[in-house]
Amino acid sequence: MSGKEMPGTLADEDARALASLMAFWSDAGVDASMADAPIDRLAEGRKRLQAPVRPAPLPRAAAPAPIAMAPAGPDIAQAAADARRLASEAPDLAALEAAIGAFEGCALRFAGAASKAVFARGNPQAPIMVIGEGPGADEDAQGAPFVGRAGKLLDKMLAAAGLEGRVFITNTVFWRPPGNRTPTAEEQAACLPFLERAIELVHPKLLLLSGAASAKSMLKRKEGILAIHGKWFEWTSEDGALTIPALPTLHPAFLLRQPQAKKRAWGDLLTLVHKLEG
Ligand code: URA
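Because the structure is a prediction, the values reported are computed rather than measured.

J.: Which parts of the structure should I look at to understand helix H8 (residues 212-219)?
T.: Counting along an α-helix, one turn takes 3.6 residues, and residues three or four places apart therefore face a common direction. Burial of H8 is extensive: six of the eight residues sit out of reach of the surface. Within H8, the full set of buried residues consists of Ala 213, Ser 214, Ala 215, Ser 217, Met 218 and Leu 219. Looking at the buried residues of H8, the elements they touch are strand E2 (128-132), helix H7 (185-202), strand E4 (206-210), helix H9 (225-228), strand E5 (233-236) and strand E6 (243-249). At the exit of H8 stands Lys 220, carrying a positive phi of roughly 50°.

Listed below in structure tokens is the structure:
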């Protein structure tokens, strides 16, 4: 603690340092680790070391085989088929958002997301569609994509590249994955028909795929994002009817953790603008 603050209060500088540290952990997905009282893990370890060692119990007879198998998880093919039917019936973006809100085929919907589905924001006639990974805590709370720290950085970079008001922003999944983990391929597959319908309705000239989870899912490629960012690929819809040039780039949350990578992401944006203007 610095300065002459009252005992029990934090100096401005300490409070800012603490806020910055909390934001760092929050960006890393650690948003539920607080307890009201501190826990002395070292004392717990000492107690365990001092406890008398009990002999391990003798092995018991083999447990009976389980009678029933655990459910095999949601039927992704069925969920995707339902999503495709619902999406195809949506004549516009408002109807599509309502259809997503009514959809129960993505497991993320029931995995702890606090709010309704997080669909999209931006210009519905935009020449560029930005596709991120999935909503985080701020997006879940506010019901719109990319509104937290990463989103603010994304907005600043887009504005600096002259793209303010020229983007439509959405994600590969529409509910927050618990703890900000990466969405699974199944979760993305269940949401894909809605994303494809959004692409069809907005009909952007170019796609900007933000981060590895978006690039992998949209382009079905195995390479890491550092290997493919800034290179052009063709995105093709599942039925092959629509093809749009797609540019993978580094995710703004990654740039917040690795500011030295901003130069690369800026290069990607210039590549995007060049193609759009050209
Ligand atoms: N990260 C994403 O990929 N999407 C959001 O909407 C927010 C953070």
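Back to the text.
J.: I tried to follow the environment of Val 118 on my own but got confused; where do I start?
T.: Note that Val 118 resides in the loop between helix H4 (93-102) and strand E1 (121-122). We classify Val 118 as buried; its relative accessible area is 1%. Sequence-wise, Val 118 and Phe 174 are 56 residues apart; in three dimensions their C-alpha atoms are separated by 4.9 Å. Beyond its immediate sequence surroundings of up to four residues, Val 118 is in contact with Pro 135, Glu 139, Asp 140, Gly 143, Ala 144, Pro 145 and Phe 174.

J.: When you look at the pattern of salt bridges in this model, what are you seeing that I'm missing?
T.: In a structure, side chains of opposite charge can pair up when their charged atoms sit close to one another. Enumeration according to the criterion identifies six salt bridges in this entry. Arg 181 serves as the salt-bridge partner of Glu 187, at 2.8 Å between the closest nitrogen and oxygen. On the basis of relative accessibility, which here comes to 8%, the residue Glu 187 falls in the buried class. Since its relative accessible area comes to 32%, Arg 181 is described here as partly exposed.

J.: Before we go on, may I ask you to explain empty space enclosed by the protein in this structure?
T.: To find the voids left in a structure, one rolls a probe of water-molecule size over its atoms. Considering all chains together, one arrives at one cavity of 30 Å³ or more under this definition. Lining the largest cavity are Leu 154, Met 157, Leu 208, Ser 210, Thr 249, Leu 250, Pro 252, Leu 255, Ala 265 and Leu 269. Residues of the lining of the largest cavity, tallied by class, amount to eight nonpolar, two polar and no charged.

J.: Help me understand the layout of surface pockets, please; the structure alone is not making it clear to me.
T.: Its boundaries defined by the atoms lining it, the second largest pocket holds a volume of some 230 Å³. In terms of lining, the second largest pocket is formed by Arg 84, Ala 87, Ser 88, Pro 193, Glu 196, Arg 197, Glu 200, Ser 237, Glu 238, Asp 239, Ala 241 and Leu 242. Counting residues per element, the ones that place at least two in the lining of the second largest pocket are helix H3 (76-88) and H7. Considering each element in turn, the lining of the second largest pocket owes the most residues, four residues, to H7. Of the residues belonging to the lining of the second largest pocket, the class tally is four nonpolar, two polar and six charged.

Rules used throughout
- Residues numbered from 1 in each chain as written.
- Predicted model: local features only at pLDDT ≥ 70, side-chain atom pairs only at ≥ 80, totals over all residues.
- Heavy atoms only, no water.
- Buried < 20%, exposed > 50% of the residue type's maximum accessible area, 1.4 Å probe, protein only.
- Helix = DSSP H or I, 4+ residues; strand = E, 2+ residues; numbered from the N terminus.
- Contact = heavy atoms within 4.5 Å.
- Salt bridge = Lys/Arg side-chain N within 4 Å of Asp/Glu carboxyl O.
- 1 Å grid on protein atoms, 1.4 Å probe; cavity = no way out; pocket = protein on both sides within 12 Å on 5 of 7 lines; lining within 4 Å.
- Points joined across faces, edges and corners; volume = space filled by probe spheres on them.
- Nonpolar A, V, L, I, M, F, W, Y, C, P; charged D, E, K, R; others polar.

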